[in-house]
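Each chain, written out:
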Amino acid sequence: MNMNHTLRYVDDHTKGLVSDLQVLIRQPSVSAKNEGLEKCAKLVCNIMKKSGIKSELLRLKKGVPPLVFGEVKSKQNPNKTLLFYNHYDVQPVEPFELWDDKPFSGKIKGNKIFGRGSSDDKGELITRIKAVESYLRTNGDVPCNVKFVVEGEEEIGSEHVELYLKKYRKKFACDAVIWEFGYVDSKNRPIISLGMKGLLYVELSKKESTRDLHSSLAVIIKNPAWRLLEAVKSLRNADGKILIKDWYKEVQSLTKKELQLIESEPFDEIGMKKEYGVKNFVANKKGKAAKQALVAEPTCNIAGFVSGYTEQGAKTVLPGSAFVKIDFRLVPNMDPKKQLARLRSHLKSKGFGDLKMTVYHGEAASKTNISDPFVSQVQESANEIYGKSILSVSSAGTGPMYAFAQVLKSPCVSIGCTHVYARIHSPNEFARLDLIKKTTKCMCRILEKFAKD
Ligand SMILES: [Zn+2]
């Protein structure tokens, strides 16, 4: 196979890549609102077909968004299979008024393309489709079999991906998985991440009176916001330590190798603080401690708290109800079901059994072994294209990696084109065109190296 032709094809066909990405961005596909998912899945299917990838929509049951499956069989090396996992759904665009352009514009300004999904995850997806297209157009073949699994519920917790994996286990069979995204740091080094944290997401609510009341009644009528605040306060201390009994029981300490890796990972502490406008971190963590926390510490975070009057000016009101949304990031070996049971019994034992709890989702953390040969294949590829790369024990974020690792029994490695400050999940999300191009080339290299070894 002629690799140079393939890489040159990527350079010569940036226009097509960008216009296909625009098509995807301009199709809203907000899973939280069940908006445009079917349409977007069909678009992905069509773009794959246009690129020479056999594709189809797979279904589980009514009401569940379809999963796009793509496949190219290799003539020269049909015994190895690389699977790309991605998602076509995006986060909601709110707050709408903070966008400089329309959220689904796909507008290009200089080296950036803007719009919800431009990085997360449509930008990532397009690099992989185009890497395969580049091979097919220049060599008429791919270095090994390639499969695509593109789901539509990643941004709301991938509720059905495990069921899809189990149902289509044979169809999805592979030897390694490239994960849906990867960050590129502020010095243009791709971060190759070997794990994901898990997540438990709950909502606690309290209803006291039938409606919001005059706040003079606060002397006799209980305020549900106070009640929730007290409950939430019992979960965590000011340094971020979770106070629920046995919360850390199964957490394993990091291995020597992992600690070394974390130590060697660069961390732009000053740049990060500046970008986010913060003076110091939780518990005044610095340097190594902050890095370790990102990789290996469980969290308890208030994602939202709503009660009473929150608009402009003063309104003396006693809210009738209140709710709080809380996300807990989990680390490897923590079982979301067990943690949920611990949370329930904590609340009960502290006298908060009256609060209503809604569980939104739970998924376990996952970690790929540093010594797996696939890790070095990805790293070598990244070094060749980017000149450098960073290996990371785990991302601080969450994804259904555990399900993939368990069902497909394959190592999963994250690498991608998302700049650390690409404002994913926020207004004015963008993707950098130079990184998209480089990452497409990097995917070409990964296919080649993985096939050869
Ligand atoms: Zn996302």
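Conventions adopted
- Residues numbered from 1 in each chain as written.
- Predicted model: local features only at pLDDT ≥ 70, side-chain atom pairs only at ≥ 80, totals over all residues.
- Heavy atoms only, no water.
- Donors = N, O, S within 2.8 Å, 3.2 Å for Na, K, Ca; no water.
- Tetrahedral: all angles 85-135°; square planar, octahedral: opposite > 155°, others 65-115°.
- Helix = DSSP H or I, 4+ residues; strand = E, 2+ residues; numbered from the N terminus.
- Buried < 20%, exposed > 50% of the residue type's maximum accessible area, 1.4 Å probe, protein only.
- Axes fitted to C-alpha atoms, helices over the stretch in contact; angles between N-to-C directions.
- Parallel < 35°, antiparallel > 145°, perpendicular 65-115°, else oblique.
- Contact = heavy atoms within 4.5 Å.
- Nonpolar A, V, L, I, M, F, W, Y, C, P; charged D, E, K, R; others polar.
- Domains from an automatic or database assignment.
- Buried area = accessible area lost by both parts, 1.4 Å probe.
- Salt bridge = Lys/Arg side-chain N within 4 Å of Asp/Glu carboxyl O.
- Polar contact = N/O pair within 3.5 Å; in protein donor to acceptor, adjacent residues only side chain to side chain.
- Pairing = 2+ DSSP bridges.
- Core = buried A, V, L, I, M, F, W, Y, C linked by side-chain atoms within 4.5 Å.
- Patch = residues over 30% accessible without salt bridge, like charges linked within 9 Å, V, L, I, M, F, W, Y side chains within 5 Å.
- Areas by Shrake-Rupley, 256 points an atom, 1.4 Å probe, with all protein chains shown as cover.
- Phe/Tyr/Trp six-rings, centres within 6.5 Å; stacked < 30°, edge-to-face > 60°.

1. Quick look at the coordination of the zinc ion
Then comes step 1: Each protein donor to the zinc ion is listed here as D120 (OD), E155 (OE), E155 (OE) and H425 (NE2); together their distances run 1.8 to 2.7 Å.
Then comes step 2: Geometry at the zinc ion is irregular, judged from its 4 donor atoms and the angles of 53 to 141 degrees they form at the metal.
Then comes step 3: Counting gaps between the donor residues of the zinc ion yields the pattern D-x34-E-x269-H. Of this pair, D120 sits in the loop between β5 (112-114) and α4 (122-139) while E155 is found in the loop between β6 (145-151) and α5 (161-167), placing the two residues 35 residues apart along the sequence.
Then comes step 4: Residue E155 is classed as buried on the basis of its relative accessible area, which comes to 14%.

2. Some thoughts on the packing of helix α3 (residues 37-50) against α4
Then comes step 1: Running from N to C, α3 and α4 cross one another at 25 degrees; their axes reach a closest spacing of 9 Å. The pairing of α3 with α4 is recorded here as roughly parallel in orientation. Within the contact between the two elements, α3 uses C40, V44, I47, M48 and K50 and α4 uses K122, L125, I126, I129 and R137.
Then comes step 2: Tallied by class, residues from the contact of α3 with α4 come to 7 nonpolar, no polar and 3 charged.

3. Observations concerning the domain arrangement of the chain
Then comes step 1: According to the domain assignment, the chain contains domain 1 (3-196 + 366-452) and domain 2 (198-251 + 298-363).
Then comes step 2: Computed over C-alpha atoms, the centres of domain 1 and domain 2 are 35 Å apart.
Then comes step 3: Around 540 Å² of area is buried between domain 1 and domain 2 when both sides are counted, 50% of it from carbon and sulfur atoms.
Then comes step 4: On inspection of domain 1 and its partner domain 2, the count reaches 0 salt bridges.
Then comes step 5: Linking domain 1 with domain 2 are 2 residue pairs in polar contact (both at pLDDT 80 or more).
Then comes step 6: Residue classes in the side of domain 1 that touches domain 2 are distributed as 4 nonpolar, 4 polar and 1 charged.

4. As for the environment of I191
Then comes step 1: Mapped onto the secondary structure, I191 falls in strand β9 (residues 191-193).
Then comes step 2: Along the chain, I191 and K388 lie 197 residues apart, while their C-alpha atoms are 9.6 Å from each other.
Then comes step 3: Sequence-distant contacts of I191, defined by excluding residues within four places in its chain, comprise Y183, D185, I390, S392, S414 and I415.

5. So, the sheet that holds strand β11 (residues 198-207)
Then comes step 1: Pairing within the open sheet is antiparallel, and its 4 strands lie in the order β13-β15-β11-β16. On the outer flanks of this sheet lie β13 (299-307) and β16 (356-363), each paired with one strand and no other. Each strand of the sheet is rotated relative to its neighbour by a mean of 15 degrees, with strand direction disregarded.
Then comes step 2: The pairing of β11 with β16 spans 7 bridges and is antiparallel. Bridging across to β16, L199 finds its partner in E363.
Then comes step 3: Packing of helix α6 (residues 224-233) onto the sheet brings it into contact with β11, β13 and β15 (321-330), and relative to β15 it is tilted by some 15 degrees.
Then comes step 4: Each of β11, β15 and β16 is contacted by helix α10 (residues 336-349), which is oriented at about 160 degrees to β16, the strand it contacts most.

6. A closer look at the nonpolar core
Then comes step 1: Core analysis: the biggest nonpolar cluster contains 65 residues, and L82, V132, F148, I178, F374, I415 and I446 have the highest contact counts within it.
Then comes step 2: With 10 residues, helix α13 (residues 433-452) is the largest single contributor of residues to this core.
Then comes step 3: When sequence neighbours within four positions are dropped, the list of residues in contact with L82 reads C144, N145, V146, K147, A176, I178, F374, I446, L447 and F450.
Then comes step 4: One finds L228, L235, F328 and L330 within the second-largest nonpolar core, a separate group that totals 25 residues.

7. Observations regarding a nonpolar patch on the surface
Then comes step 1: A cluster of nonpolar side chains, contributed by W226, L229, I302 and F305, occupies part of the molecular surface with about 400 Å² of accessible area.
Then comes step 2: Of all elements in the fold, only α6 and β13 reach the threshold of two or more residues within the nonpolar patch.
Then comes step 3: For L229, the location among the structural elements is in helix α6.
Then comes step 4: Using a relative accessible area of 41% as the deciding quantity, one classes L229 as partly exposed.

8. Some words on the side chain of T439
Then comes step 1: Looking at the secondary structure, you find T439 in helix α13.
Then comes step 2: Discounting chain neighbours no more than four positions away, the residues touching T439 are T127, Y386, G416 and C417.

9. Re the packing of aromatic side chains
Then comes step 1: The tally for this structure, following the rule as stated, stands at 14 aromatic pairs.
Then comes step 2: Ring geometry for F84 and F148: centres 5.3 Å apart, planes at 35 degrees, overall tilted. Of this pair, F84 sits in strand β3 (residues 81-87) while F148 sits in strand β6, and the two are 64 residues apart along the sequence.
Then comes step 3: With relative accessibility at 0%, the residue F148 sits in the buried group.
Then comes step 4: Both rings, one in F114 and one in F430, keep their centres 5.8 Å apart while their planes meet at 50 degrees; by these two values the pair is tilted. Highlighted residues: F114 in strand β5 and F430 in strand β21 (residues 430-432), separated in sequence by 316 residues.
Then comes step 5: Since its relative accessible area comes to 12%, F114 is described here as buried.
Then comes step 6: Of the residues examined, F430 reaches a relative accessible area of 4% and is grouped as buried.
Then comes step 7: Each member of the aromatic cluster is reached from another via a ring pair, and the members are F69, Y164, Y168 and F172.

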